[in-house]
Amino acid sequence: MKPSIAIDGPAGAGKSTVAREAAARLGLTYLDTGAMYRAITLAALRRGTDIHDAKSLDALTKAVDLDIQNDSSGQNIIFLDGENVTEEIRLPVINRNVSFVARCPQVREILVDKQRQIGSRGGVVMDGRDIGTKVMPFAEFKFFLNASLAERSRRRMAELSAKGEEFELEQMMKEIAARDKIDSERVVAPLRSAEDAVCLDTTLMTIEAVVDAIVRAVRGEE
Ligand code: DC
């Protein structure tokens, strides 16, 4: 069976790009688990579900049809009830609300189940917050990516700016710090590094350098 790779870390640490590129170079499948929490958040906002009410979120998560596919470049395409929502789940309104949805234990249980099913086939690079600790504790390789708050905020600003959404650094730092706090302090599966994960501070590293480090480690070249 092909190896499984867990990549965890806070918002803006470069996980998604790194995980996707590492998967492409290693011939593995990429799964962005954050996109699943984002899709449920979008469904909740569209239906007017109270994102602070666990029971309503539980019912919503059970009711929606969430499907993830990989396009020819390995990018995840997210379908919510048959509609392609890949772009919409990156909107700032989702960024601001997703941590509240992701801290709901019932939502996590349903999505983690789905992620484990996908992971059980092996050959997956999964990125998230709890992949090395909860979803794939058996993964052959685990990485925890971090970077300074300012650098993570600059990266998110650049991503959003490419889509025409401009933010001040101060404002972005506040938003990301607020998400970090909710993600790290929640009761179920808080953001933390697995004990056996390799920690990489990517503040001063390029994406290519991080991908290289991961690919070399998986190939046993260092
Ligand atoms: O990685 P991201 O920014 O797309 O994640 C969106 C949100 O989902 C973020 O608040 C953390 C949460 N998340 C999580 O709790 N567990 C995961 N495995 C992935 C994401």
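Residues numbered from 1 in each chain as written. Predicted model: local features only at pLDDT ≥ 70, side-chain atom pairs only at ≥ 80, totals over all residues. Heavy atoms only, no water.

**Observations regarding the site of the ligand**
At step 1: Close to the ligand lie 18 residues, the nearest being R38, R108, D130, R179 and R186.
At step 2: Here an oxygen atom of the ligand and a side-chain polar atom of R129 are 2.9 Å apart.
At step 3: Separating an oxygen atom of the ligand from a side-chain N or O atom of R179 is a distance of 2.7 Å.
At step 4: In isolation the ligand exposes 450 Å². Once the protein is present, 99% of that is buried.
At step 5: Listing elements by their share of the shell around the ligand, those giving two or more residues are helix 2 (33-47), helix 4 (92-102) and helix 8 (169-185).
At step 6: Here the shell around the ligand gets four residues from one element, more than from any other, and that element is helix 2.
At step 7: Residues of the shell around the ligand, tallied by class, amount to four nonpolar, four polar and ten charged. (Near = heavy atom within 4 Å. Polar contact = N/O pair within 3.5 Å; in protein donor to acceptor, adjacent residues only side chain to side chain. Areas by Shrake-Rupley, 256 points an atom, 1.4 Å probe, with all protein chains shown as cover. Helix = DSSP H or I, 4+ residues; strand = E, 2+ residues; numbered from the N terminus. Nonpolar A, V, L, I, M, F, W, Y, C, P; charged D, E, K, R; others polar.)

**Focus on the pairing of strand 7 (residues 141-146)**
At step 1: In terms of strand pairing, strand 1 (residues 5-8) meets strand 7 through four bridges, oriented parallel. Following the sheet pairing, A6 is matched in strand 7 by K142.
At step 2: For strand 7 and strand 8 (residues 198-201), the ladder comprises four bridges, and the chain directions are parallel. When the sheet's bridge partners are listed, L145 is paired in strand 8 with L200. (Pairing = 2+ DSSP bridges.)

**Considering the pattern of salt bridges**
At step 1: Using the criterion set out here, one finds 15 salt bridges in the structure.
At step 2: Two residues, D212 and R25, come together in a salt bridge whose shortest N-O distance is 2.8 Å. Of the two residues, D212 is situated in helix 9 (residues 207-219) and R25 in helix 1 (residues 15-26); the sequence distance between them amounts to 187 residues.
At step 3: Judged by its relative accessible area of 29%, D212 is partly exposed.
At step 4: Judged by relative accessible area, which is 42%, R25 ranks as partly exposed. (Salt bridge = Lys/Arg side-chain N within 4 Å of Asp/Glu carboxyl O. Buried < 20%, exposed > 50% of the residue type's maximum accessible area, 1.4 Å probe, protein only.)

**Side note on the environment of I118**
At step 1: Mapped onto the secondary structure, I118 falls in helix 5 (residues 105-119).
At step 2: Separated by 17 residues in sequence, I118 and V101 place their C-alpha atoms 22 Å apart.
At step 3: Contact partners of I118, with chain neighbours within four places excluded, come to L31 and V124. (Contact = heavy atoms within 4.5 Å.)

**With respect to the packing of helix 4 against helix 8**
At step 1: The geometry of helix 4 relative to helix 8 is characterised by a closest axis approach of 9 Å and an angle of 10° between their N-to-C directions. By the angle between their axes, helix 4 is roughly parallel relative to helix 8. For the pair helix 4 and helix 8, the contacting residues are N95, R96, V98, S99 and F100 in the first and E175, R179, I182 and D183 in the second.
At step 2: Classifying every residue of the contact of helix 4 with helix 8 by side-chain character gives three nonpolar, two polar and four charged. (Axes fitted to C-alpha atoms, helices over the stretch in contact; angles between N-to-C directions. Parallel < 35°, antiparallel > 145°, perpendicular 65-115°, else oblique.)

**Details of the side chain of N95**
At step 1: Mapped onto the secondary structure, N95 falls in helix 4.
At step 2: Sequence-distant contacts of N95, defined by excluding residues within four places in its chain, comprise R38, R90, L160 and R179.

**Concerning the sheet that holds strand 4 (residues 76-80)**
At step 1: What the three strands build is an open sheet, ordered 3-4-5; its pairing is antiparallel. In the strand order of this sheet, the two ends are held by strand 3 (66-70) and strand 5 (83-84), each with one partner.
At step 2: One ladder, built from five bridges, connects strand 3 with strand 4; its direction is antiparallel. Looking at strand 4, one finds that Q69 is bridged to I77.

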